[in-house]
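# Descriptive structure summary
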Amino acid sequence: MIKIDFHMHTGDDPFDGLPYTATQLIDKAVALNYAAIAITLHETVFDDQRVFDYARERGLLLIQAGEWSFHDRDVLLINITPGDAARLKTFDDLRAYRRERGDDLLVIAPHPFYPKSHCLGRELEKNIDLFDAIEIAGMKFSWFDRFNHQARATAAKYGKPLIANSDSHGLWMFGRHYTLVNAAPNLRSIFAAIGQGQSELVSPPVTVSDCFRMFVTDPLLHREKGRVIASFPNAV
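Residues numbered from 1 in each chain as written. Predicted model: local features only at pLDDT ≥ 70, side-chain atom pairs only at ≥ 80, totals over all residues. Heavy atoms only, no water.

Formed by 28 residues in total, the largest nonpolar core has its most connected members in Val75, Leu77 and Leu94. Secondary structure elements with two or more residues in this core: β4 (65–70), β5 (73–78), α4 (91–101), β6 (106–109), β7 (133–136) and α6 (146–158). Beyond its immediate chain neighbours, meaning those up to four positions away, Val75 contacts Gly66, Glu67, Trp68, Phe70, Phe91, Leu94, Val107, Ile108, Pro110, Leu120 and Phe131. Residues Ala36, Ala65, Leu106 and Leu187 belong to the second largest nonpolar core, which totals 21 residues. (Core = buried A, V, L, I, M, F, W, Y, C linked by side-chain atoms within 4.5 Å. Buried < 20%, exposed > 50% of the residue type's maximum accessible area, 1.4 Å probe, protein only. Helix = DSSP H or I, 4+ residues; strand = E, 2+ residues; numbered from the N terminus. Contact = heavy atoms within 4.5 Å.)

Structure below.
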């Protein structure tokens, strides 16, 4: 079994203004024995090849990906180029693109039932054919997990596999929530194992203190919307 996380953010995204670089995230992933990760910036496919080389040199598979918006709803696109992502505007665009790509693309429904306008909500079932997996989000309590319960129920109804990701917006968040897959550490093997449900989810509940840190302390003290912190000088 290998460890993966396909939903996380870094300081490369001005939308979040996070205080750490992609290489810092990679260093932590290597230290925690991850085999593959995907950096999923908002409306941007991360493509600084120096960072991909940095990951490869350390034995980590870094997959091009993005957290894309369709009708203002978030969708994770794993293994996609910036050019291809830019031409996808609607769910129908994605449907046609999926036919082109086949099993070479992984589409994940992130935190679909959380009460935010950018979450999929009812659009998930309306477009269930588009999704390869449904995410179990890490922001949940031991005594309240209603939104992930809806995700589990929808996955069971349509025979979709579940995947646990961290959706990290801080290095302290990364490493707690991940998926173990029975696969070789390459893209095709990992995608196949996810599709076949050959996986184990690791996603413990958070504490009230964790929640306060994520939604109050970090935004006030450590994030600066519009700021970009790249891994290398003049990185784009």
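Next, the rest of the story.
Now for helix α8 (residues 208–221). Residues lying three or four places apart along an α-helix face the same way, a consequence of the helix completing one turn every 3.6 residues. If you check α8, its first and last C-alpha atoms are 18 Å apart, about what 14 residues at 1.5 Å a residue would give, namely 20 Å. Where α8 bends most, the angle comes to about 40°, and this point is Met214. Asp210, Met214 and Asp218 are the residues of α8 that are buried. (Expected span 1.5 Å × (residues − 1). Bend = angle between axes of the 7 residues up to and from the residue.)

Right, let's talk about the packing of aromatic side chains for a bit. Considering all chains together, one arrives at seven aromatic pairs under this definition. Here Phe141 and Trp143 contribute two aromatic rings whose centre-to-centre distance is 4.6 Å and whose plane-to-plane angle is 5°, an arrangement assigned as stacked. We classify Phe141 as buried; its relative accessible area is 18%. One aromatic cluster in this structure is built from Tyr34, Phe174 and Tyr178. For the cation-ring pair, Lys3 lies above Tyr178, with the distance from its terminal atom to the ring centre recorded as 4.6 Å. (Phe/Tyr/Trp six-rings, centres within 6.5 Å; stacked < 30°, edge-to-face > 60°. Lys NZ or Arg CZ within 6 Å of the ring centre and 35° of its normal.)

Mapped onto the elements of the fold, Asp74 is located in strand β5. Buried and unpaired, Asp74 has no salt bridge, with Arg73 as the nearest side chain of opposite charge at 8.4 Å. Apart from residues no more than four positions distant in its own chain, Asp74 is found in contact with Glu67, Trp68, Pro110, His111, His118 and Leu120. (Lys, Arg positive; Asp, Glu negative; His and termini not counted. Salt bridge = Lys/Arg side-chain N within 4 Å of Asp/Glu carboxyl O.)

So, on to the pattern of salt bridges. Two side chains bearing opposite charge may form a pair once their charged atoms approach each other closely. Counted according to the given criterion, the structure contains 16 salt bridges. As a salt-bridge pair, Glu57 and Arg58 come within 3.5 Å of each other at their nearest N and O atoms. Of the residues examined, Glu57 reaches a relative accessible area of 63% and is grouped as exposed. Given the relative accessible area of 35%, Arg58 is considered partly exposed. Here Asp84 and Arg87 are joined by a salt bridge, their closest N and O atoms 3.7 Å apart. On the basis of relative accessibility, which here comes to 21%, the residue Asp84 falls in the partly exposed class. One salt-bridge network, held together by shared partners, links Asp27, Glu57 and Arg58.

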